[in-house]
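Residue-level listing of the chains:
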Amino acid sequence: MGRRTAEPYKIKSVETLSMLSYEERKESLKRAGYNTFLIDSEDVYIDLLTDSGTTAMSDEQWGALMTGDEAYAGSKSWKKLEKAVQEFYGYQFVLPTHQGRGAENILSQLKIKDGDYVPGNMYFTTTRAHQEMNGAKFVDIIIDEAHNPTIDHPFKGNIDLTKLQKLIDEVGAEKIPYVCLAVTVNLAGGQPVSMRNMKEVYELCQTYQIDVFFDATRCVENAFFIKEREEGYAEKPIAHILKEMLSYSDGCTMSGKKDCLVNIGGFLAMNDEELYIRSRELVVVYEGMPSYGGMAGRDMEAMAIGIREAVDDHYIEHRIGQVRHLGDQLIEAGVPIVLPIGGHAVFLDAKSFLPHLKQDEFPAQALAAALYLDSGVRSMERGIISAGRNIETGENNRPELELVRLTIPRRVYTNNHMDVVVDSIVDLFKKRDEIGGLKMDYEPPTLRFFNARFSPLATSNELISEQNKKVSIE
Ligand code: F0G
């Protein structure tokens, strides 16, 4: 056995976890309409719903909160944040937003005209919603491998340049306001994009004068994969790789709640001054003054520090290592997960886990519910429910990937917590035949996964009891 490593931090403050009984979890699940988004957080033992805004801040960040400049205009905390983005991300112009989707809203409104096409490497829910609300059609141009959970590919988030070229030929460059390139593609399983692919996409777009905007949300994780897997980067510091990545774009939207190591905040950055001036107008309308954009001065202090802490090579190595600590054990136990293991989460392949359920019986939603019932571990559906309906036909989108996401908050849990999660999933896998499907009782019109309610199908209203016997959860 090689030498083991440990967390590159020690714990200064703790938060007690609630540990409900099986019966209490059953009640809680029922109250939540079998939707893990609707479970009260105080009813959750290990919360792997999301890595968004769930980060543990460092003592330095907590200390900086007291120094936040809460002036309505010209806050010095904003100056620090602006400088950190310019230094570590390399863009000239930066605008603060309350979180990532605030930046998506402004970019989409300014760039998209009715009837446009926005190509991207797999959709993200809020990003696509803003594109569509502004009249664009989203076109998925990720490589085919990304849609197959069993293919092990080092850069499964890559854009297929042939698909991009085909779209340009078909609709014309003037109908493509920008290419939206997401790094460490969330819904593909946290899969990275190679430096080479970023460069090639940027070069192709430049020949047609199409802008490239990154969704930089998990950019540091992507930089780690480049360091590990792409020739020529093994010896380069993460900060250096990050800056090179972002140099192959005209700007980015950013959810600071992930790789900026904070609980709230985001930004929109770019190099085009004219776009910056127009964006600044919309920041005032939707977010607040361009010197706070929906954040408190203290939030901006914390984010400026988080941006720097995130590019620490020891931090990011441990971060990805913890995700692998979870994923590798599941692979060993034969549990089907998306390969290779991604940056922020392990994704269970619910289609293979529950082959007896049809996609219309919501296998990923049912598996997420069963996992909560079994151990109080909260995960998230990323399958047919999240994919929503086709805006033209109203039919359900039917993604190839029907996944349950186990998303690891940054610096929050230990590897022992990961082991508890493994044990629960492995137990469920042994009794998978007994897990029944769900039906949707309430469907919200947009982003339905947040508020939809379900109940067990009348014909198979059973999940598994703690005592390994069938119990009805009608
Ligand atoms: N882009 C990506 C790739 C995301 O994962 C998210 C959020 C956003 C944009 C929007 O950012 O939440 O700050 O407005 N993802 C969270 C998640 C919600 O759980 O994956 P936001």
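Residues numbered from 1 in each chain as written. Predicted model: local features only at pLDDT ≥ 70, side-chain atom pairs only at ≥ 80, totals over all residues. Heavy atoms only, no water.

**Things to note about the overall build of the protein chain**
Selection rule: Per the convention used, a helix needs a DSSP run of H or I reaching at least four residues, while a strand needs a run of E reaching at least two, with both numbered from the N terminus. When a residue's accessible area, from a 1.4 Å probe over protein chains only, is under 20% of the maximum for its type it is buried; when over 50% it is exposed; and in between it is partly exposed. Here a residue-residue contact requires only that any non-hydrogen atoms of the pair lie within 4.5 Å. Under the convention used here, a 1.4 Å probe and the Shrake-Rupley method define accessible areas, while residue burial counts only the protein chains that appear. Counting rule for charge: Lys and Arg are taken as positive, Asp and Glu as negative, and neither His nor the chain ends is counted. A single reference atom marks each charge: NZ on Lys, CZ on Arg, CG on Asp, CD on Glu.
Counting its secondary structure elements, the protein chain contains 16 helices and 16 strands. Each of the 474 residues in the protein chain was classed as buried or not, and the buried ones make up 61%. Considering only residue pairs separated by 6 or more positions, the protein chain has 72% of its internal contacts joining residues 24 or more positions apart. Looking at the protein chain as shown, the accessible area adds up to about 19,700 Å², and 50% of this sits on carbon and sulfur atoms. The positive charge centre, built from 53 side chains, and the negative charge centre, built from 72, are 2 Å apart in the protein chain.

**Describing empty space enclosed by the protein**
To be explicit about the condition: Any residue with an atom within 4 Å of a point lines the site, the site being either a cavity, points on a 1 Å grid over the protein atoms alone where a 1.4 Å probe fits but cannot get out, or a pocket, an open set with protein on both sides within 12 Å along at least 5 of 7 lines. Grid points are joined across faces, edges and corners, and a volume is the space filled by probe spheres set on the points.
Inspection of the entire model under this criterion finds three cavities of 30 Å³ or more. Here the largest cavity is characterised by a volume of approximately 60 Å³. In this structure, the largest cavity is lined by Glu104, Leu107, Ser108, Thr127, Gln131, Tyr178, Cys180, Phe213, Phe214, Asp215 and Thr253. Mapped by element, the contributors of at least two residues to the lining of the largest cavity are α4 (100-111), α5 (125-133), β5 (178-182) and β6 (211-215).

**Some thoughts on the confidence of the model for the protein chain**
One rule of thumb: low pLDDT means the predicted coordinates there are not for detailed reading. What counts here: pLDDT measures how confident the predictor is about each residue, on a scale from 0 to 100.
In the predicted model, the protein chain carries a mean pLDDT of 95, and the fraction of residues at 70 or more is 96%. Low pLDDT (under 50) marks residues 464-474, which in the prediction has 34 contacts with non-local residues, meaning those over four places away or in another chain.

**Focus: the pattern of salt bridges**
The cut-off we apply is this: Salt bridges are defined as contacts in which a side-chain nitrogen from Lys or Arg sits within 4 Å of a carboxyl oxygen from Asp or Glu.
Applying the stated criterion to the full structure yields 30 salt bridges. For Asp43, the salt bridge identified is with Arg31, shortest N-O distance 3.3 Å. With Asp43 in the loop between α1 (22-31) and β1 (46-47) and Arg31 in helix α1, the pair connects residues that are twelve residues apart, well separated along the chain. Its relative accessible area of 52% is what places Arg31 among the exposed residues. For Lys79, the salt bridge goes to Glu82, with nearest N and O atoms at 3.7 Å. Within this pair, Lys79 and its partner Glu82 are both found in helix α3 (residues 76-89), separated by three residues, close to a single helical turn.

**A word on the environment of Gly189**
Residue placement: Gly189 occurs in the loop between β5 and α7 (195-207). Excluding anything up to four places from it in sequence, Gly189 contacts Val338, Gly342, Gly343, His344, Ala345 and Phe347.

**Topic: the domain arrangement of the protein chain**
Which entries qualify depends on this criterion: All domain edges in this entry derive from an automatic or database-based domain assignment. Note: buried area is the sum, over both parts, of the accessible area (probe 1.4 Å) each one loses when the two are combined.
According to the domain assignment, the protein chain consists of domain 1 (22-51 + 313-471) and domain 2 (59-310). Taken together, the 34 residues of domain 1 in the interface contact 44 residues of domain 2. For the domain 1 and domain 2 pair, buried surface summed over both sides reaches about 2,800 Å², with 56% attributable to carbon and sulfur atoms. Broken down residue by residue, the surface that domain 1 buries against domain 2 is led by Ile316, Pro340 and Leu401, which jointly contribute 19%.

**Quick notes on the sheet that holds strand β11 (residues 380-382)**
This is how it is decided: Between any two strands, pairing holds if DSSP finds at least two bridges. With axes taken as lines fitted to C-alpha atoms, and helix axes fitted only over the stretch in contact, angles between N-to-C directions fall between 0 and 180 degrees.
Taken in spatial order, the three strands line up as β9-β12-β11 in an open sheet, and their pairing is antiparallel. A single partner strand is all that each edge strand has here, and the edge strands are β9 (345-349) and β11. Across this sheet, the average inter-strand angle for adjacent strands is 35 degrees, counted without regard to direction. As judged from the five bridges shared by β9 and strand β12 (residues 403-407), these two strands associate in the antiparallel manner. Following the sheet pairing, Asp349 is matched in β12 by Leu403.

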